[in-house]
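Remarks on the overall topology
One-letter residues, chain by chain:
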Amino acid sequence: MDSIYTFGLLSCLLFQGVAGKVNVSALMTHLFANYHDDIRPVCDGNKPIEVRIGLALRQIIELNEPKQLLQINAWLRWSWEDCNLMWNASEFDSIDNLIVPVTKVWIPDITLYDNAGSTVEGVKDYRLSIGSSGSMAYNFPTVITSLCQVDVTYFPFDTQTCSLTFGSWAYHGLQLNITNRSVSGDLTSFVSNVEWDVKAINIVRHVIYYGCCPEPYPDVTFRIVLDRKPLFYLLNLMFPCMLITSVACLGFLLPPDSGEKVSLEITVLLSLAVFLLVVSETLPPSSESFPYIGVYFLCAMFLVSVSCLMTVVVLNLHYKGNHGKEIPKIVRHIFFDVLGKLVRVKTPQKSNASVSPSPTTPKIIEVQAFDFERKTNGLENVKQNRKKSDDTTMYENNKNSISTDSDSILNASEFIHILRKQLDSLSKIERFMRDHSKWEENVAEWQLLGQVVDRIFLIFFILISFITTITIFVQTSSN
């Protein structure tokens, strides 16, 4: 008994399967016996076919700013009515839906106007659903590469809007009326991107009259609003640029005698040039819009270039005193008495005292020389008086004394000559020490002037850098 029941059940199932297969085959034969997939289905006179288009964004693959191309993974959803593919479901075992290859039916020639590829990928590779009332639903995934005009003015805080415009290329609006399925795109299946946030997908329908044809041509535009995530660029572009620019301040604090002031500024300038090249590679080569971050890099390069010039000026002032040129009084007053106090640089008062030998030494030597000269003249007078005396005996008695006095006179003359030479030497030494002291004082003043100017340039550089940075951040973040 059980075997009979099992056999009956299997027979019933087999009969239903065969009958269902026969019904589907009969339905396919009924629908496609006289169907032409290359002819637009027209059943109600000149009434256009209503084609509804929708888009579900799956993933942002890439937004190439230099080439201005957007590549996305999307699901396209098309629906329309085909009056040649209608049937009575009750006549075919209640079959109200049929899945067929897309190559067997007519589909609208929906084209992406700004397509950067050959065609819409996958449009002829999948299957569509046919309803018993003639409703056609074709949903298929595709990779779209479209042109996208990129505005990088506020990079990396920019927001980009890429438009995908779909329309029929062969049929005008009186034959194919294209409309949108919803008021916005579908983001429920969107996979987040590491660089971009999708804020919205707005849909706008246009009806355009071209110069070639009098008929209207409707299209549906999907506007994808992308908001860039700026953290990566802040950490890899902005922060290093700010750090390198701040390093340029060390060039003003470096002593001129180190010989590395200009080398440091040139190194900073080259580093900023490399960063500007990195930024330019990620931006479109357009003269219509230039990013504020590029302006910031250019300002930083300009400031560092000016700092090189300032450093050369400081070094020139630092070593100008070696040539013996004195600082003008007006310059000394402005930079020492006024600006030096403002920038907190100590400017010692100029001393009137000069380093010289003891002033009493030449006077003592002169007095001693005068005494010796006077004694010498007295001895010579004694000698002449004694020669005039007729007393031979007196002359003989004083002969030894006069001889002794003559030797003393000769020794005194030599001593006076030596003292006069010493006096001349001391005078030269005094003049040399006075001139050298004045030279050293002049060199110290020029070095002090260079220090004051260096401090002024440092304050100027910090203020301009700070103002430029704040201005750029305010401009970019206000987008």
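Residues numbered from 1 in each chain as written. Predicted model: local features only at pLDDT ≥ 70, side-chain atom pairs only at ≥ 80, totals over all residues. Heavy atoms only, no water.

The line we're drawing: UniProt positions are given in the numbering used here, feature names are shortened, and annotations may be inferred rather than shown by experiment.
The name an unreviewed UniProt entry gives the chain is Neuronal acetylcholine receptor subunit alpha-9, with Mizuhopecten yessoensis as the organism. Recorded in UniProt for the chain, the comment headed Subcellular location (unreviewed entry) runs: "Membrane".

Digging into the overall build of the chain
Rules: Here a helix means four or more residues in a row that DSSP labels H or I, a strand means two or more in a row labelled E, and each is numbered from the N terminus. For this analysis, residues touch if any pair of their heavy atoms sits within 4.5 Å. Only the protein chains shown count as covering a residue, and every accessible area follows the Shrake-Rupley method with a 1.4 Å probe.
Regarding its fold elements, the chain presents eight helices and ten strands. Considering only contacts in the chain between residues 6 or more positions apart, those separated by 24 or more positions represent 77%. By element, 59% of the accessible surface of the chain is carried by carbon and sulfur atoms, the whole surface being about 28,400 Å².

Structural notes on the pattern of salt bridges
Stated formally: A pairing counts as a salt bridge when a side-chain nitrogen of Lys or Arg comes within 4 Å of a carboxyl oxygen of Asp or Glu. Note on exposure labels: buried denotes an accessible area under 20% of the residue type's maximum, exposed denotes more than 50%, and partly exposed covers the range between, all computed with a 1.4 Å probe on protein chains only.
Using the criterion set out here, one finds five salt bridges in the structure. A salt bridge links Asp158 to Arg228; the nearest nitrogen and oxygen atoms lie 2.6 Å apart. Of this pair, Asp158 sits in the loop between strand S6 (135-147) and strand S7 (159-168) while Arg228 sits in strand S10 (residues 216-228), and the two are 70 residues apart along the sequence. Accessibility expressed as a relative area gives 1% for Asp158, which makes it buried.

Some points on the pairing of strand S5 (residues 127-131)
Our working rule: Pairs of strands are assigned from DSSP output, requiring at least two bridges between the strands.
Within S5, four of the five residues are buried, which leaves the element mostly enclosed by the surrounding structure. Here strand S3 (residues 97-101) runs beside S5; their pairing, made up of five bridges, is antiparallel. Looking at S5, one finds that Leu98 is bridged to Ile130. As defined by bridge partners, S5 adjoins S6 across two bridges and the pair is classed as antiparallel. Bridging from a neighbouring strand, Ile130 pairs with Met136 of S6. Counting the residues between successive antiparallel strands, the hairpin from S5 to S6 contains three residues, one of them, Gly134, with a positive phi of roughly 90 degrees.

Quick look at the packing of helix H2 (residues 231-247) against helix H4 (residues 261-281)
To be explicit about the condition: The axes are straight lines fitted to the C-alpha atoms, using for helices just the contacting stretch, and the angles between their N-to-C directions are given from 0 to 180°. Oblique is the label for any angle not covered by the other classes, which are roughly parallel (under 35 degrees), roughly antiparallel (over 145) and roughly perpendicular (65 to 115). Handedness of a crossing follows from how the near helix is turned relative to the far one, being left-handed for an anticlockwise turn of less than a right angle and right-handed for a clockwise one. Each residue is assigned to one class: nonpolar for Ala, Val, Leu, Ile, Met, Phe, Trp, Tyr, Cys and Pro, charged for Asp, Glu, Lys and Arg, and polar for all the others, Gly among them.
Running from N to C, H2 and H4 cross one another at 165 degrees; their axes reach a closest spacing of 9 Å. Relative to H4, the element H2 lies roughly antiparallel. As for the relative orientation of H2 and H4, their crossing is left-handed in sense. On the side of H2, the interface is formed by Asn236, Leu237, Pro240, Cys241, Ile244, Thr245 and Val247, while H4 contributes Leu264, Val268, Ser271, Leu272, Phe275, Val278 and Val279. When the residues that make up the contact of H2 with H4 are grouped by side-chain class, the tally is eleven nonpolar, three polar and no charged.

A word on the side chain of Arg40
Stated formally: The convention is simple: Lys and Arg are positive, Asp and Glu are negative, and His and the chain ends are not counted. Contacts described as polar in this section are N or O atom pairs within 3.5 Å, which, within protein, must combine one atom able to donate a hydrogen with one able to accept it, while residues neighboring in sequence count only if both atoms come from side chains.
Here Arg40 shows up in the loop between helix H1 (2-32) and strand S1 (49-64). Among buried charged residues, Arg40 stands out as having no salt bridge; its nearest opposite-charge side chain is Asp109, 9.0 Å away. Among the polar contacts made by the side chain of Arg40, one reaches the main-chain carbonyl oxygen of Gln175 at a distance of 3.2 Å. Apart from the residues lying within four places of it in its own chain, the contact partners of Arg40 are Lys47, Ile49, Trp106, Tyr171 and Gln175.

A few points about the nonpolar core
Worth spelling out the cut-off: What makes a nonpolar core is a set of buried Ala, Val, Leu, Ile, Met, Phe, Trp, Tyr and Cys residues whose side-chain atoms join them at distances within 4.5 Å.
Counting residues in hydrophobic clusters, the biggest one holds 92 residues, and the most contacted among them are Trp80, Val105, Leu128, Ile130 and Phe166. Once you skip the residues sitting within four places of it in the chain, Ile130 turns out to touch Phe32, Leu85, Trp87, Asp96, Asn97, Leu98, Val100, Val105, Ser135 and Met136.

Structural notes on the state of the cysteines
Condition: Criterion for a disulfide: a pair of cysteine sulfur atoms within 2.5 Å.
Tallied over the full model, the rule gives one disulfide. Disulfide pairing is shown between Cys148 and Cys162; the S-S distance is 1.9 Å. Here the disulfide of Cys148 and Cys162 is left-handed, its torsion about the S-S bond being about -75 degrees. One end of the pair, Cys148, is in the loop between S6 and S7; the other, Cys162, is in strand S7, and 14 residues separate them in sequence.

Overview of the sheet that holds strand S2 (residues 69-81)
Pairing in this open sheet of six strands is mixed, and the strands run S3-S5-S6-S2-S1-S8 from one edge to the other. The sheet terminates laterally at S3 and strand S8 (176-180), the two strands that pair on one side only. Strand-to-strand, the axes of this sheet are offset by a mean angle of 30 degrees, without reference to chain direction.

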